[in-house]
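Letter by letter, the chains look like this.
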Amino acid sequence: MRDPRYDILFTPVRIGPVTAKNRFFQVPHCNGMGHAMPLAHAAMREVKAEGGWAVVSTEECEIHPSGDLTPYVEARLWDDRDIPALALMCDRVHAHGALAALELTHNGPTASNLYSREVLIGPSHQPSKYGYPSQARAMTRHDIREYRRWHREAAIRGKRAGMDIIYVYAAHDLSLAMHFLQRRRNQRSDEYGGSLENRVRLLREVLEDTRDAVGDTCGVALRFATEELLGANGVEISEARDIVAMLAELPDLWDVNVAAWYNDSIPSRFAAEGAQEPFIDFVKKTTSKPVVGVGRFTSPDTMVAQIRRGVLDMIGAARPSIADPFLPRKIEEGRIEDIRECIGCNICVSGDMTTSPIRCTQNPTMGEEWRRDWHPERIAPKRSPRRVLVVGAGPAGLEAARALGQRGYEVNVAEASTELGGRVTREARLPGLAEWARVRDWRIGQINKLANVGVYLDSMLSAQDVLDFGAEHVVLATGCHWRRDGYGRSHGSAIAGFTDNPRVFTPDDLMDGHLPEGRVVVLDDDGFYLSSVVAELLHKQGCEVTWLTPDDQLAPWSMHTLDYRHIRKRIAELGIGTLVSHAVLDYSDTRLTLENVWNHSRIERECDAVVTITARIPNDALHQALLLRGSEWSDAGIQAVRCIGDAEAPGLIAHAVYAGHRYARELEEPETGEVVFKRHFHTARETDLLAGQSD
């Protein structure tokens, strides 16, 4: 039963000519599937609608080839041939009583046109944003009229596809409508440049065009960034107040946030839930139209507080709707403890950045709704009464146990240490990563509800123990540990002076409480988040820290999760030294010998300790021991032994959770001998599906 405190979240909201059944609004978010994988995209959005979201939006939708976003895979409405893919999504969303929303965009100088090979366009002559060796030409008045026509025609196509809400996009530094607002991009001297009123002119015209074209049956939403956090070089909140006042009643709904994307979807290391409130709380005071905003909302109390205090009318979410598509339904049904809370790691973002289907650390079914027919709440029942022994209670083991328990198997979990969670528990104690413990906490909470799952701490098992246990299926999720010898991507062998050196530390040492002192070099050959976290930890302990990498860039993979700029800013603010493009040749006494990876010149640096973050080794000794005793499995009643997660191949926490979930899904299921997931082949049948001719 729903808690009466949350009743306000389930009152309808009028958006122009349409009505949202509640206040939960899945705002536009990228997913790496878009126009290339329309069946997968539609299935993913459908699950959101089934989970109770009143409005389910697309990602960015390109309106014209001159705004081509390749290599990113977004939605498209270049012409009528693109309508069926979006119509499929609308049908799936409408089947669950939700509204479908379409975010139209032309990204101007922030497009690429790598596929279309059209010339980029922008308010003024300027380089393309993302480093492509090309420039955008300044739009003529004719170009502006054409852009307005393209947008109008795309809106009409969206209406024909079945969309209920059509967006005008002026956010994230990713749309012409916003670029005309920005002084740094708009240096025009005609009626579209100069004064704020002139710079707002195009946005006003596109809003009016959209209302005129589709406003009879579709709500018109304006997605607007109120602050770019760039000072006078960007849209500032003082200017945004005037813009909102100028356009207050023109859209049917305001969707407000901060720009750019790395500030809007800021990782949890750098911002808490509801962090955008100071930048958007003025909007509702300026307009009578409903306002939606985001803040990585997972707590219904925070949601209600934002509504009652007059900050928002609707609770917007991208990442929380990915981590738990059924978040609204769980609140409605009084199952708050079942919410799979977003941890703000932004692995979801990496799908778009790497042109691959979306994935999520918390929700391993995200992106697999169509490909594998995985549902976040439902799973096939067990195939037999056989028992399963799970060795290791890190992210892979806990997820395997939880999902196997949900299927109905009798499961026993043996954890060697005195606490659950494995690497999640350990890493969550590091600076900024506390919310990552939600990966552990949600799974423990679900397991505690299952009478068929037993968990045993302080239970180090030998191969003989496993053979004696009597379980028919054994899954080993025993994790991994960091190498001490310096071997990694850049160092193909052990670094001289590292092995058995008490001055060389690993992240495991630090997480065990063994910290170095004095001058410390953090050697990063991993390239993601951990080195920056370790550097921050050591700085807080009073060490003089230098972050060293053989790469030309610090933490390069963090670009994919929107961490990079925040990491660099944090490191600069703390005064942590950095050195790129240098490999370690030797560590003798307190002298570290480094070599420039390009010209091979050498330098020496005095340091009291090195923390090496290079590669990891699977803790697979138990697996190897069991393989050696394979002839004894049958007599022990064991039918299969599997090694999963970091114990098989170290990776992200998301990889471990996925591995545990996949093991549970596939246990005792028939093998076809073929590729285990569906693919988009654009066959005649798929064309029929897109056209709605068959189901």
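Everything quoted here is computed from the prediction, not taken from an experiment.

1. Section: the sheet that holds strand β29 (residues 640–643)
Okay, step 1: Pairing in this open sheet of five strands is parallel, and the strands run β17-β16-β15-β18-β29 from one edge to the other. Either end of the sheet is taken by a strand with one partner, and the two such strands are β17 (453–456) and β29. Averaged over all neighbouring strand pairs, the angle between strand axes comes to 15°, with direction disregarded.
Okay, step 2: As judged from the five bridges shared by strand β15 (residues 387–391) and strand β16 (residues 410–414), these two strands associate in the parallel manner.

2. Here we look at helix α23 (residues 653–666)
Okay, step 1: With 14 residues, α23 ought to run about 20 Å at 1.5 Å a step, and its terminal C-alpha atoms sit 20 Å apart, in line with that.
Okay, step 2: Of all 14 residues in α23, ten are buried, a share of seventy percent or more.
Okay, step 3: Buried within α23 we find Ile653, Ala654, Ala656, Val657, Ala659, Gly660, His661, Tyr663, Ala664 and Arg665.
Okay, step 4: Phi turns positive one or two residues past the end of α23, at Glu668, with a value near 65°.

3. Here's the deal with the UniProt feature "domain: NADH:flavin oxidoreductase/NADH oxidase N-terminal" (unreviewed entry) in the protein
Okay, step 1: UniProt's feature table lists "domain: NADH:flavin oxidoreductase/NADH oxidase N-terminal" (unreviewed entry) at residues 9–336, given in the numbering used throughout.
Okay, step 2: Annotation note: span residues 9–336, helix share 34%, strand share 19%, distance between end C-alpha atoms 14 Å.

4. As for the domain arrangement of the protein
Okay, step 1: On domain assignment, one finds that the protein holds domain 1 (4–353), domain 2 (387–479 + 619–666) and domain 3 (483–616).
Okay, step 2: Taken over C-alpha atoms, the centre of domain 2 sits 31 Å from the centre of domain 3.
Okay, step 3: Between domain 2 and domain 3, the contact holds eleven residues from the first and twelve residues from the second.
Okay, step 4: Surface buried jointly by domain 2 and domain 3 totals about 1100 Å² across both partners, of which 66% is contributed by carbon and sulfur atoms.
Okay, step 5: Looking only at domain 2, the three residues that lose the most surface to domain 3 are Arg426, Leu430 and Pro431, adding up to 53% of its buried area.

5. Topic: the UniProt feature "domain: FAD/NAD(P)-binding" (unreviewed entry) in the protein
Okay, step 1: Mapped onto this numbering, the UniProt entry annotates "domain: FAD/NAD(P)-binding" (unreviewed entry) at residues 387–626.
Okay, step 2: The annotated region residues 387–626 carries 28% helix and 26% strand content, and the separation between its end C-alpha atoms amounts to 18 Å.

6. Observations concerning the packing of aromatic side chains
Okay, step 1: Inspection of every chain in the model, using the stated rule, returns ten aromatic pairs.
Okay, step 2: For the ring pair Phe10 and Phe24, a centre distance of 5.4 Å and an interplane angle of 50° mean the geometry is tilted. Of this pair, Phe10 sits in the segment before β1 (13–15) while Phe24 sits in strand β3 (residues 24–26), and the two are 14 residues apart along the sequence. Taken individually, Phe10 and Phe24 each receive the classification buried, so the pair is uniform in this respect.
Okay, step 3: Geometrically, the ring pair formed by Trp374 and Tyr658 is tilted, given 5.6 Å between the ring centres and 40° between the ring planes. With Trp374 in the loop between α13 (347–353) and β15 and Tyr658 in helix α23, this pair connects stretches of sequence that are 284 residues apart.
Okay, step 4: For Trp374, a relative accessible area of 7% translates into the label buried.
Okay, step 5: Here Tyr658 falls in the partly exposed class, since its relative accessible area comes to 23%.
Okay, step 6: Each residue in the set Trp436, Phe528, Tyr529 and Trp557 is aromatic and connected to the rest through ring pairs, giving one cluster.
Okay, step 7: When the ring centre of Phe677 is taken as origin, the NZ or CZ atom of Arg371, which lies over that ring, is 4.2 Å away.

7. Points about the packing of helix α2 (residues 83–94) against helix α3 (residues 141–161)
Okay, step 1: Close contact between α2 and α3 brings their axes to 8 Å; oriented N to C, the two are set at 45°. As far as their axial angle goes, α3 and α2 are oblique. When you trace α2 past α3, the crossing you get is right-handed. Touching Ile83, Leu86, Ala87 and Cys90 of α2 are Arg157, Arg160 and Ala161, all from α3.

8. Details of the sheet that holds strand β26 (residues 602–606)
Okay, step 1: Strand order in the open sheet formed by three strands is β24-β25-β26, with antiparallel pairing between adjacent strands. Strands with a single pairing partner mark the edges of an open sheet, and in this sheet they are β24 (582–588) and β26. Across the sheet, the mean angle from the axis of one strand to that of its neighbour is 25°, orientation sign disregarded.
Okay, step 2: In terms of strand pairing, strand β25 (residues 591–596) meets β26 through five bridges, oriented antiparallel. Residue Thr593 lies in a different strand from β26, and its bridge partner there is Glu604.

9. Brief notes about the environment of Leu622
Okay, step 1: Here Leu622 lies in helix α21 (residues 621–628).
Okay, step 2: We classify Leu622 as buried; its relative accessible area is 13%.
Okay, step 3: Aside from chain neighbours lying at most four places away, what touches Leu622 is Val391, Leu461, Ser462, Ala463, Val466 and Leu476.

10. Brief notes about the packing of helix α14 (residues 395–407) against α23
Okay, step 1: Where α14 contacts α23, the two axes come as close as 7 Å, and the packing angle between them is 30°. In terms of axis orientation, α14 runs roughly parallel to α23. Of the two possible hands of crossing, α14 and α23 adopt the one that is right-handed. Note on element contacts: α23 touches α14 through Ile653, Ala656, Val657, Gly660, His661, Tyr663, Ala664, Arg665 and Glu666, opposite Pro395, Ala396, Glu399, Ala400, Arg402, Ala403, Leu404 and Arg407.
Okay, step 2: When the residues that make up the contact of α14 with α23 are grouped by side-chain class, the tally is ten nonpolar, two polar and five charged.

11. Re the state of the cysteines
Okay, step 1: Considering all chains together, one arrives at zero disulfides under this definition.
Okay, step 2: Cys543 takes part in no disulfide bond, and the closest cysteine sulfur to it belongs to Cys607, at a distance of 11 Å.
Okay, step 3: With relative accessibility at 7%, the residue Cys543 sits in the buried group.

12. Quick notes on the pairing of β29
Okay, step 1: Burial of β29 is one-sided: the residues Val641 and Cys643 facing one way are buried, the residues Ala640 and Arg642 facing the other way are not.
Okay, step 2: Bridge analysis of strand β18 (residues 473–476) against β29 gives four bridges, and the strand direction is parallel. Bridge pairing in β29 places Val475 opposite Arg642.

Here is what the cut-offs are and how they apply
- Residues numbered from 1 in each chain as written.
- Predicted model: local features only at pLDDT ≥ 70, side-chain atom pairs only at ≥ 80, totals over all residues.
- Heavy atoms only, no water.
- Pairing = 2+ DSSP bridges.
- Helix = DSSP H or I, 4+ residues; strand = E, 2+ residues; numbered from the N terminus.
- Axes fitted to C-alpha atoms, helices over the stretch in contact; angles between N-to-C directions.
- Expected span 1.5 Å × (residues − 1).
- Buried < 20%, exposed > 50% of the residue type's maximum accessible area, 1.4 Å probe, protein only.
- UniProt positions renumbered as here; feature names shortened; annotations may be inferred.
- Domains from an automatic or database assignment.
- Contact = heavy atoms within 4.5 Å.
- Buried area = accessible area lost by both parts, 1.4 Å probe.
- Phe/Tyr/Trp six-rings, centres within 6.5 Å; stacked < 30°, edge-to-face > 60°.
- Lys NZ or Arg CZ within 6 Å of the ring centre and 35° of its normal.
- Parallel < 35°, antiparallel > 145°, perpendicular 65-115°, else oblique.
- Left-handed = near helix turned anticlockwise from the far one by under 90°.
- Nonpolar A, V, L, I, M, F, W, Y, C, P; charged D, E, K, R; others polar.
- Disulfide = S-S within 2.5 Å.

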